[in-house]
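Take a look at the letters that make up each chain.
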Amino acid sequence: MSYAHPEVLVSTDWVAEHLNDPNVRLIEVNEDVLLYETGHIPGAVKVDWHTDLQREDVRDFIDEQGFAELMRRLGVTRDTTVVFYGDKNNWWAAYAFWFWAYNGHTNAKLMNGGRQKWVAENRELTTEVPAYPATEYAVPYRDESIRAYRDDVLKHIIRVKDGKGALVDVRSPDEYSGKLTHMAAYPQEGALRAGHIPGARSIPWAKAANEDGTFKSYEELKALYEGEGVTSDKDIIAYCRIAERSSHSWFVLRYLLGYPRVANYDGSWTEWGNIVGMPIEK
């Protein structure tokens, strides 16, 4: 069986065929924000998740006006098809996809396999930075249904206990169990408390990906989540540490499996593990 929404996933071949399509804008979003400068897909623009998507004065996203200004700078209109790709099996590309959807820009796709697949296939890279004419752009709405806040999660714990909801912890098993307060090799990014949100199921994001960075088949993904009781009839919230890994899982659940009610808790463990009074399990 094919994915529930196969139109949101494109191959490296598809991207290669649309490099000169004026209605398509390639956007590279990496964890390593300096990687773009070493070589990128011709015509692709860079989005730095540190500086382009986050506010400096508050730990939160840029507002609607800030998003509109970013789109104008990237030469994106409401009709532009945006295609994201990046390193780490599309961690931050999926994060950007989610953030674009949050801002009402649903004409977006992910390049299956991300940057690593493009490079592994010895496809063309360039260091030339493209320049596109500024556009007019207005944010039509913000889709709060796909974003969960900490109070939403606190209430959701009750729905999980009642069997009406599911919480998906996509971090590593050691983070979930409380052995580590941070992701392996990222000790500077830990929280004060370790463990997981009560009732959360451990389904590491990487279980949804093949070795080449592409997504596993519909049947494999369905078995993965249903095996942990995460089914399409439930309200689902996914989280990790700062929401990049959970964006990957949110994409799988919402678009590849077609679950209708899936939200991404972007505060994730960085917020939850540092708040006084929040319940934690190990």
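Here the residue numbering is sequential within each chain, running from 1 through the sequence in written order. This being a predicted model, a pLDDT of at least 70 is required before a residue's local features are given, and a value of 80 or more before pairs of side-chain atoms are given or counted; all residues contribute to the totals for chains, interfaces and linings. The side-chain values count all of the structure's non-hydrogen atoms but skip hydrogen atoms and water molecules.

Caption draft 1: How the structure looks around the packing of aromatic side chains. Paired rings are identified among Phe, Tyr and Trp, the last through its six-membered ring, by centres lying within 6.5 Å, and are further divided according to the angle between planes into stacked (under 30 degrees), edge-to-face (over 60) and tilted (the rest). Scanning all chains against the criterion turns up 22 aromatic pairs. When the centroid spacing of 6.1 Å and the interplanar angle of 50 degrees are considered together, the rings of Phe61 and Tyr95 count as tilted. In this pair, Phe61 sits in the loop between strand S3 (45–46) and helix H2 (64–74) while Tyr95 sits in helix H3 (residues 91–102), placing the two residues 34 residues apart along the sequence. Accessibility expressed as a relative area gives 4% for Phe61, which makes it buried. Note on exposure labels: buried denotes an accessible area under 20% of the residue type's maximum, exposed denotes more than 50%, and partly exposed covers the range between, all computed with a 1.4 Å probe on protein chains only. Judged by its relative accessible area of 2%, Tyr95 is buried. Helix and strand assignments come from DSSP, with helices taken as H or I runs of at least 4 residues and strands as E runs of at least 2, each series counted from the N terminus.

Caption draft 2: Looking closely at the side chain of Thr135. Looking at the secondary structure, you find Thr135 in the loop between helix H4 (114–120) and strand S6 (147–148). We classify Thr135 as buried; its relative accessible area is 14%. Whenever a nitrogen or oxygen atom comes within 3.5 Å of another N or O atom, the pair is scored as a polar contact, on the condition that within protein one atom can donate a hydrogen and the other can accept it, and that pairs from neighbouring residues in sequence are kept only if both atoms are in side chains. Polar contacts involving the side chain of Thr135 include one to the main-chain carbonyl oxygen of Val76, which spans 2.7 Å. By definition in these notes, contact holds between two residues if any of their heavy atoms fall within 4.5 Å. Excluding residues within four positions of it along the chain, Thr135 makes contact with Met71, Arg72, Gly75, Val76 and Thr77.

Caption draft 3: Representation of helix H7 (residues 218–226) within the structure. Regarding H7, the residues found buried are Tyr218, Leu221, Leu224 and Tyr225. The arc that holds every buried residue of H7, seen down its axis, measures 130 degrees, which confines them to one face. In this context, the arc is that of the directions from the helix axis out to the C-beta atoms.

Caption draft 4: Spatial organisation of the nonpolar core. Membership of the largest hydrophobic core comes to 64 residues, with the highest contact counts inside it found for Phe84, Trp100, Tyr225 and Phe251. Looking at this core, the elements with two or more residues in it are H2, strand S4 (81–85), H3, strand S5 (108–111), strand S7 (165–169), H7, strand S9 (235–239) and helix H8 (244–256). Considering each element in turn, this core owes the most residues, 12 residues, to H3. Where each domain starts and ends comes from a domain assignment, either automatic or drawn from a database. Each of domain 1 (9–142) and domain 2 (145–273) gives at least three residues to this core. Not counting residues within four places of it along the chain, the set of residues in contact with Trp100 comprises Ile27, Val47, Leu53, Phe67, Leu70, Met71, Leu74, Val82, Phe84 and His105. Among the nonpolar cores identified, the runner-up in size contains 16 residues, and Ile157, Tyr176, Ile197 and Ile237 belong to it. Put simply, buried Ala, Val, Leu, Ile, Met, Phe, Trp, Tyr and Cys residues joined by side-chain atoms within 4.5 Å make one nonpolar core.

Caption draft 5: Local environment of the UniProt feature "domain: Rhodanese" (unreviewed entry) in the protein. UniProt positions are given in the numbering used here, feature names are shortened, and annotations may be inferred rather than shown by experiment. UniProt annotation of "domain: Rhodanese" (unreviewed entry) refers to residues 20–127 and 161–281 when read in the numbering used here. Spanning residues 20–127, this segment combines 28% helix with 15% strand, and its end C-alpha atoms are found 17 Å apart.

Caption draft 6: Inspection of the sheet that holds S4 at higher detail. Any two strands with at least two DSSP bridges between them are considered paired. Taken together, the five strands give an open sheet; going across it, the order is S1-S5-S4-S2-S3, and neighbouring strands pair in parallel fashion. With partners counted over all chains shown, the strands left at the sheet margins are strand S1 (9–10) and S3, one partner each. Of the strand pairs in this sheet, strand S2 (residues 24–28) and S4 are connected by five bridges, and their pairing is parallel. When the sheet's bridge partners are listed, Arg25 is paired in S4 with Val82. Interaxial angle, 0 to 180 degrees, is taken between N-to-C directions of lines fitted to C-alpha atoms, where a helix line uses only the stretch in contact. Of the strands in this sheet, S2, S4 and S5 touch H3, which is tilted by about 150 degrees from S4.

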